[in-house]
Amino acid sequence: MSLHDELTAIQHCLDDLVRTVGRLEQSLARLRAADTGREGLAPAGPADPVDGVITITEAPYDSTLWTDADDEGLGVRGRHAP
């Protein structure tokens, strides 16, 4: 398969994705309209921003969250590179 054929196939996949997302947005608008009792297919506005400031504590992270996680570019902790 030539580069041109591959790029054409990728473009078709992206076009399909855009159409699918559009249909999902319309379906979601219909569901929201049905839930709120509104008529029509008006798209919902953007999500409301989160009020206030989100603070990140200085407390250390729970180390169990990182069990078996790879260090990017370094591999799994405790194993040696090949």
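Residues numbered from 1 in each chain as written. Predicted model: local features only at pLDDT ≥ 70, side-chain atom pairs only at ≥ 80, totals over all residues. Heavy atoms only, no water.

### Here we look at the overall build of the protein chain
- A tally of helices and strands in the protein chain yields one helix and two strands.
- Starting at the N terminus and ending at the C terminus, the protein chain contains elements arranged as α-β-β.
- Residue burial in the protein chain is summarised as follows: out of 82 residues, 4% are buried. (Helix = DSSP H or I, 4+ residues; strand = E, 2+ residues; numbered from the N terminus. Buried < 20%, exposed > 50% of the residue type's maximum accessible area, 1.4 Å probe, protein only.)

### A few points about the pattern of salt bridges
- Going through the model one piece at a time under the given rule, you end up with one salt bridge.
- A salt bridge links Asp16 to Arg19; the shortest N-O distance between them is 2.2 Å. Residue Asp16 and its partner Arg19 are both found in helix 1 (residues 3–36); the two are separated by three residues, about one turn of the helix.
- The class of Arg19 is partly exposed, set by a relative accessible area of 45%. (Salt bridge = Lys/Arg side-chain N within 4 Å of Asp/Glu carboxyl O.)

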